[in-house]
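Structural features, examined
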Amino acid sequence: MPSAYARFDNQTFGLGCSYTCAWGTAPGVISLTAPIDFLAQNLISTLEIYYNNSTFIQLTDVLFVQASTPRPTAGDPVRTLTLHDRRWKWNFGKAINGSYNQEIDDGILIREKNPQELATLLFAQLGESGVDVTALPIEARPPVSWLAAHPAQELERLLADYGCTVVFDPFENQPY
C-alpha cells in the first residue's frame, strides 16, 4: 500500500487524490484516480484519506458525482472520479420561514435574534449543528423576513453583511 491513499464506498485507491475546498456554501470538489473497475454501490459515502497508515482527513456524506471514461496509463487503465463534500446537500436544504427583529410601533423588536443566532438557525436548516459562529457579532439585530427562503443563500447574505463567509474545515469535517 502506498504511503498516501483514499477510501470511498469501501474501496481503496492509491493512485491520486485532490480536494478543492472552496469558501462559501458551494461544495468542495474531490478528484480521485481509480482503477477502471470501480463501481460505486452507494452514491453517498464517507471519504477517508490516509497518510502513513493514519487517517488524515475523513469527510462524511460525500456524494459520488461522476466517473470519467477510462484512460490508458503506463500501467493499468484508470478513470477519474468526481466527488462533492457534504455541502452538496445544502442545495436541497428545507426552505426557512420566519421573521426576526421586526420593530413594532413603540420601537421594540419582536422575535429578537442576533447574527450568531440567525446563522445557527440557518445552519440547522442545512442539517449542520455545533457550527462555530463566534466571528459574527452578538450586538446587532438585523431585521430579516424569510418566506420559503433558501437557507444557503440566506446564510451567504447574512455572513456577507458582516464581512464573513462559510469555511469548511476538512480536518475537522465541520463548517464554521
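Residues numbered from 1 in each chain as written. Predicted model: local features only at pLDDT ≥ 70, side-chain atom pairs only at ≥ 80, totals over all residues. Heavy atoms only, no water.

1. Structural notes on the overall build of the protein
If you tally the helices and strands in the protein, you get two helices and 13 strands. For the protein, the C-alpha radius of gyration of 20 Å lies well beyond 16 Å, the compact-globule estimate for 176 residues. Going through the 176 residues of the protein one by one, you find that 40% of them count as buried. Once local pairs closer than 6 in sequence are excluded, the contacts in the protein between residues at least 24 apart make up 62%. Surface summary for the protein: the accessible area is close to 9,700 Å², and the carbon and sulfur share equals 51%. Averaging the positions of the 11 positive and the 19 negative side-chain charges in the protein gives two centres separated by 6 Å. (Helix = DSSP H or I, 4+ residues; strand = E, 2+ residues; numbered from the N terminus. Rg over C-alpha atoms; globule rule 2.2 N^0.38 Å. Buried < 20%, exposed > 50% of the residue type's maximum accessible area, 1.4 Å probe, protein only. Contact = heavy atoms within 4.5 Å. Areas by Shrake-Rupley, 256 points an atom, 1.4 Å probe, with all protein chains shown as cover. Lys, Arg positive; Asp, Glu negative; His and termini not counted. Charge placed at Lys NZ, Arg CZ, Asp CG, Glu CD.)

2. A word on unusual backbone geometry
Phi angles above zero are rare outside glycine, and Asp61 is one such case at about 55 degrees. Here Asp61 lies in strand β6 (residues 54-67). A positive phi is found at Asn173, a non-glycine position, where the angle reads about 55 degrees. Mapped onto the elements, Asn173 comes out in the loop between β12 (168-169) and β13 (174-175).

3. A few points about a nonpolar patch on the surface
On the surface, Tyr51, Phe56 and Phe171 cluster together into a nonpolar patch covering about 360 Å² of accessible area. With respect to the helices, strands and loops of the structure, Phe171 is situated in the loop between β12 and β13. (Patch = residues over 30% accessible without salt bridge, like charges linked within 9 Å, V, L, I, M, F, W, Y side chains within 5 Å. Salt bridge = Lys/Arg side-chain N within 4 Å of Asp/Glu carboxyl O.)

4. A look at the pairing of strand β4 (residues 29-35)
As paired strands, strand β3 (residues 17-20) and β4 are joined by four bridges and run antiparallel to one another. From the neighbouring strand, Cys17 faces β4, where its bridge partner is Leu32. Note that β4 and strand β7 (residues 78-84) share seven bridges and pair antiparallel. In the strand pairing of β7, Val29 is matched with His84. (Pairing = 2+ DSSP bridges.)

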